[in-house]
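# Reading the structure
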Amino acid sequence: MSVRVRFAPSPTGKLHVGSARTALFNWLFAKHHHGTFILRIEDTDQKRSNPAFLDDIYASLKFLGINADEGPLFQSQRMPIYQEHAKQLLDSGKAIQKEGAVMFQISPRQVTFKDLLRGDITTDTTLFESLVLMKSDGTPTYNFACVVDDALMHISHVIRGDDHIANTPKQVILYEALGLPLPVFAHIPLIVGADRARLSKRFGATSVDEYRRVGYLPEAFVNYLALLGWAPGGNRELVPPEELIELFDLAKVRKTAAYFDQKKLDWLNGQYIKQMPVPKLARMLAERLINKGILQPGYDPATLERITAVIQDRLRVLEDIEEEHIFFFQDPPQYQDEAVAKFLRQDGVGKRLLELRTRLEALPQFDTAAIEQTTRAMVAEQQLQSKDLIHPARVAVTGRSVSPPLFDVMAILGKTKVLHRLEYAATKLADTQ
RNA sequence: GUCCCCAUCGUCUAAUGGUUAGGACAACAGCCUUUCGAGCUGACAAUGGGGGUUCGAUUCCCCCUGGGGACACCA
C-alpha cells in the first residue's frame, strides 16, 4: 500500500506553528515512505475563509520547504461530490432530511478505531447529539467533507492534531455507512504555551510568518518543530531536513503535549547560523537589510562579509543584526544614553579619545593588528588600564557598551569613520556632566 | 457537567522488566576575554501519589491526583 497523506488547513488565519508541525509530520512521513503529500484547502466556510490567509499558508509552507506533491484541492470546488454522497446516504435511508439539513441516522453502538500512537479507542455513539452531513445552506460539514475527500483521495494515513480524537469515531461510522475503506489514524499531541494550554496569541508569536520575519532559518525552525514530540535517537539535536526524512518514525512520536521553548529554538537557530558559509549568510543578511531600507542595493559585498564574519557567532536570529549591530550601517551611530553616561561622562575621557584619534590617524595600515598595537601602546605609556580606554572608545565608535571585538570593528569601519566618531564623541559627548 | 487523551529534571526528550535513570536547552559557577557573545569545564536538577504483578519496575495492570482536549448546521 502506498503512503498518501494530506495536510488540510482552513484559510481562516495565518499558518499556526501547531498546524505547521502537523504539516511537517505528514510531510516527513510521506517523504520517508516515498509516498505522496497532498495539500487540501478546507474552505467550505466561505464567511470565515480569506484569500489573504491562503497566500500566507502557501508562503509559510514554501518557507519551511514543505512542498505538496498534489494539490491544492479546494473543498469549495467539490460541492457536487459531497451532494452526491449525501444523496447516496439519503437514498439508502442512512440519513434523513430535517430542517433543511441532511442528518446522519446514528444507531446506538460502540465504535472502535485504531490510533497508531494510542492503540484502540472506543466510543459510544449515544454520546453524539447529532451528526449533520449537509448544512441547510447546502454545504457539507467538516466531518462529512473530510471523510468523502480522504476516501476519494485514497488517503492512507490521517495524521492530525489530537484535538480531533473526538471527531474520529463520527468519521468512522460515515466511512462504514458509505462503504469506504478506513485509513490509519494517528493523532499527534498539541503544542502548548507557558500556561500548558494550547499555543495562543497570548504566548507571543504563533504564526510561522512571524518567525520567518524575525529571522529564523527554515532548516532550524523545521529541526526544532520535528524535535517537539519526537526524537531521532542517539542524543541527536541538530538534524538537517534530509536526515529528518531518513530518521522520522511516526510510531515513535510521543503522546504528551509539548511546550514550545523559544530559548531552545534560539539556540538551535544560532547553531545553524554558525554553520553557514560566510558569503551565504552575508547575502541573506544583505537581502534583509535592503528590505528594511538599512542597506542600499549597491553595497560592497566584501565589507558586508567582513561584518558577517565578526558577528556570525553572536547572532541567534537574523533580526539581531539590526538590533545589536546597526552601528555598522549608520553614520554617526545612534548613541545610547546609558552607555554615554557610564563610559564617556568621566574626567579626562575626551582628552584620551582625542589622543587615541591622533595616534590612529598616523597609522599607514589601518588593520586590526595595528589598531590593537597602537591602542595598547597608549594604555601602557599612560599607565591606564585597558578598559579605561577601550570601553569609552567602544562607546565612541559603536554608540553602545556592548559590541563585537572593538579592534575588528574599527578595522571594518575604516579610518575615516573611526577618526570622525572618536572626535565627535570626544568633543560633543565626553566629560560634560 | 459528560466523554476522551495524557503523565521522566524548570523545558524538549532517551531508556519499554535489570542503567550510578542518559543527552540537549535554560538557569548557576568557573575558565577564556577589551565589553557582550561564542567556546570550554563543572555542579544542581526528574520517573506525581497509592496499590498490585514480578526475584526485580520509569517500563505491565488498577485506583487517585494533576494537566490537556472535545462536546456547533466552525474546521
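Residues numbered from 1 in each chain as written. Chains lettered and ligands numbered in written order. Predicted model: local features only at pLDDT ≥ 70, side-chain atom pairs only at ≥ 80, totals over all residues. Heavy atoms only, no water.

## Examining the overall build of chain A
As a reminder of what qualifies: Counting from the N terminus, the helices are DSSP H or I runs at least four residues long and the strands are E runs at least two residues long. Burial status follows relative accessibility: with a 1.4 Å probe on protein chains alone, a residue under 20% of its type maximum counts as buried, one over 50% as exposed, and anything between as partly exposed. The contact rule is simple, with two residues in contact once any of their heavy atoms fall within 4.5 Å. Methods summary: accessible areas were calculated by the Shrake-Rupley approach with a probe of 1.4 Å, and residue burial reflects only the protein chains presented. Here the positive residues are Lys and Arg and the negative ones are Asp and Glu; neither His nor the chain ends is included. By convention, the charge on Lys lies at NZ, on Arg at CZ, on Asp at CG and on Glu at CD.
When its secondary structure is counted, chain A shows 18 helices and twelve strands. Taken along the three principal axes of its C-alpha coordinates, chain A extends 100 × 45 × 40 Å. With 433 residues in all, chain A has 49% of them scored as buried. A separation of at least 24 residues holds for 75% of the contacts in chain A among residues at least 6 apart in sequence. On chain A, roughly 20400 Å² of surface is accessible, and the fraction owed to carbon and sulfur atoms is 50%. In chain A, the 53 positive side-chain charges and the 53 negative ones have mean positions that sit 2 Å from each other.

## A look at the environment of Leu360
Here Leu360 shows up in helix α14 (residues 349-361). Once residues within four sequence positions are removed from consideration, Leu360 is found in contact with Phe366, Ile371, Thr374, Met410, Lys415, Val418, Leu419 and Leu422.

## Considerations on helix α5 (residues 168-178)
α5 sits mainly inside the fold: nine of its eleven residues count as buried. Buried residues of α5: Thr168, Pro169, Gln171, Val172, Ile173, Leu174, Tyr175, Ala177 and Leu178, and no others. The first or second residue beyond α5 is Gly179, which carries a positive phi of 70°.

## Focus on the domain arrangement of chain A
Note the threshold: Reported domain spans reflect what an automatic or database domain assignment gives.
Taken domain by domain, chain A comprises domain 1 (4-75 + 191-270), domain 2 (78-188), domain 3 (276-319) and domain 4 (337-429). Spacing between the C-alpha centres of domain 2 and domain 3 amounts to 52 Å.

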